[in-house]
Amino acid sequence: MSEEKQRYSQEELNEFQEIIIEKLHNARKEVAFIKETLSRRNDAGTDNTASTAKVLEDGADTQEKESLNQLASRQLKFIQQLENALIRIKNGSYGVCIKSGKLIPKERLKAVPHTQHTIEAKMNRND
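Caption draft 1: Quick look at the nonpolar core. Residues Tyr8, Phe16, Ile20, Leu24, Ile89, Tyr94 and Leu109 are the most contacted members of the largest nonpolar core, which totals 19 residues. No other element matches helix 1 (residues 10-47), which puts six residues into this core. Sequence-distant contacts of Phe16, defined by excluding residues within four places in its chain, comprise Tyr8, Ile89, Tyr94, Lys106, Leu109 and Lys110.

Set out below in structure tokens:
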């Protein structure tokens, strides 16, 4: 009688935690870089107010700033999801699909450590 595994072991959870912490570190560095880039662009923008010949460049700058803001927003959402995954590790619910209650495969968690769904549950949700 082989009973299907319901939870990951503490050793496996520690492995996932290390992956998540590394991804958190990288995401936070990226957000800091984006914020620094945006603040430098804002500083440079005030120096060029005398020139009216740069209307197209100003439009491109505005579009780039908007893109950077969107990227920062996505990164902040990703950071929140990773932090929530760390909470789930601590409270023992990490790695369990919230839709089916089945254990999410280890390979999926390594690729998308903040996921709360098995592939099957995610596919059914998008139908």
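Caption draft 2: Structural context of the packing of aromatic side chains. Across all of its chains, the model carries two aromatic pairs by this definition. Taking 5.4 Å as the distance between ring centres and 50° as the angle between the ring planes, the aromatic pair formed by Phe16 and Tyr94 counts as tilted. One end of the pair, Phe16, is in helix 1; the other, Tyr94, is in the loop between helix 2 (55-91) and helix 3 (106-111), with 78 residues separating them in the sequence. We classify Phe16 as buried; its relative accessible area is 0%. According to the relative accessible area criterion, Tyr94 is buried, its value standing at 1%.

Caption draft 3: Seen up close, the pattern of salt bridges. Evaluated as defined, the whole model comprises five salt bridges. The salt bridge partner of Lys110 is Glu15, with a shortest N-O separation of 3.1 Å. Pair noted here: Lys110 is in helix 3 and Glu15 is in helix 1, with a separation of 95 residues, a long-range link. Between Arg28 and Glu83 there is a salt bridge, with its nearest N and O atoms 2.5 Å apart. Placement of Arg28 in helix 1 and of Glu83 in helix 2 is noted, with a sequence separation of 55 residues between them. With a relative accessible area of 27%, Glu83 lands in the partly exposed category. Here the salt bridges share partners, and the residues they tie into one network are Glu12, Glu15, Lys106 and Lys110.

Conventions we followed
- Residues numbered from 1 in each chain as written.
- Predicted model: local features only at pLDDT ≥ 70, side-chain atom pairs only at ≥ 80, totals over all residues.
- Heavy atoms only, no water.
- Core = buried A, V, L, I, M, F, W, Y, C linked by side-chain atoms within 4.5 Å.
- Buried < 20%, exposed > 50% of the residue type's maximum accessible area, 1.4 Å probe, protein only.
- Helix = DSSP H or I, 4+ residues; strand = E, 2+ residues; numbered from the N terminus.
- Contact = heavy atoms within 4.5 Å.
- Phe/Tyr/Trp six-rings, centres within 6.5 Å; stacked < 30°, edge-to-face > 60°.
- Salt bridge = Lys/Arg side-chain N within 4 Å of Asp/Glu carboxyl O.

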